[in-house]
Amino acid sequence: MLKKIKLSIIIPVYGVEKFIKIFLDSILPQLNNQVELIFVNDGCKDNSITILSREISQLPLIIQKNIKIINQENTGVSGARNT
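About the criteria used
Residues numbered from 1 in each chain as written. Predicted model: local features only at pLDDT ≥ 70, side-chain atom pairs only at ≥ 80, totals over all residues. Heavy atoms only, no water. Helix = DSSP H or I, 4+ residues; strand = E, 2+ residues; numbered from the N terminus. Rg over C-alpha atoms; globule rule 2.2 N^0.38 Å. Buried < 20%, exposed > 50% of the residue type's maximum accessible area, 1.4 Å probe, protein only. Contact = heavy atoms within 4.5 Å. Areas by Shrake-Rupley, 256 points an atom, 1.4 Å probe, with all protein chains shown as cover. Lys, Arg positive; Asp, Glu negative; His and termini not counted. Charge placed at Lys NZ, Arg CZ, Asp CG, Glu CD. Pairing = 2+ DSSP bridges. Right-handed = clockwise from strand over helix to strand, strands pointing away.

Right, let's talk about the overall build of the chain for a bit. Along the chain, the regular secondary structure elements total four helices and three strands. Sequence-ordered secondary structure for the chain, helices as α and strands as β, is β-α-β-α-α-β-α. Over its C-alpha trace the chain gives a radius of gyration of 13 Å, about what one expects of a compact globule, namely 12 Å for 83 residues. Across its three principal axes, the chain shows a C-alpha extent of roughly 40 × 25 × 15 Å. Counting the 83 residues in the chain, one finds 35% classified as buried. Here the contacts in the chain between residues at least 6 apart in sequence split such that 80% fall between residues at least 24 apart. Carbon and sulfur atoms make up 57% of the accessible area of the chain, which amounts to about 5,600 Å² in all. Here the chain contributes 10 positive and 7 negative side-chain charges, whose respective centroids are spaced 10 Å apart.

And the structure:
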């Protein structure tokens, strides 16, 4: 059976290492199998993506499968959302 994603949440990531864990702690309890998170690494120069990847790897596989990280050169918030 194909999974039916009803909601995709796109989160641009750039320079948020102080806040990414707090953000994840607030949004993860609200997820279900019909919601996906798409993080767009907009050329981060800090540890945001390292922290994000570590936190995601500790989640149950059923949640991990609906979380994606896309890496790109810095294009700004609008460019990240368009990706």
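Let us now look at the pairing of strand β1 (residues 7-13). Bridge analysis of β1 against strand β2 (residues 35-42) gives seven bridges, and the strand direction is parallel. The partner of Ile-9 across the bridge, within β2, is Leu-37. Crossover β1 to β2 through helix α1 (residues 20-27) is right-handed.

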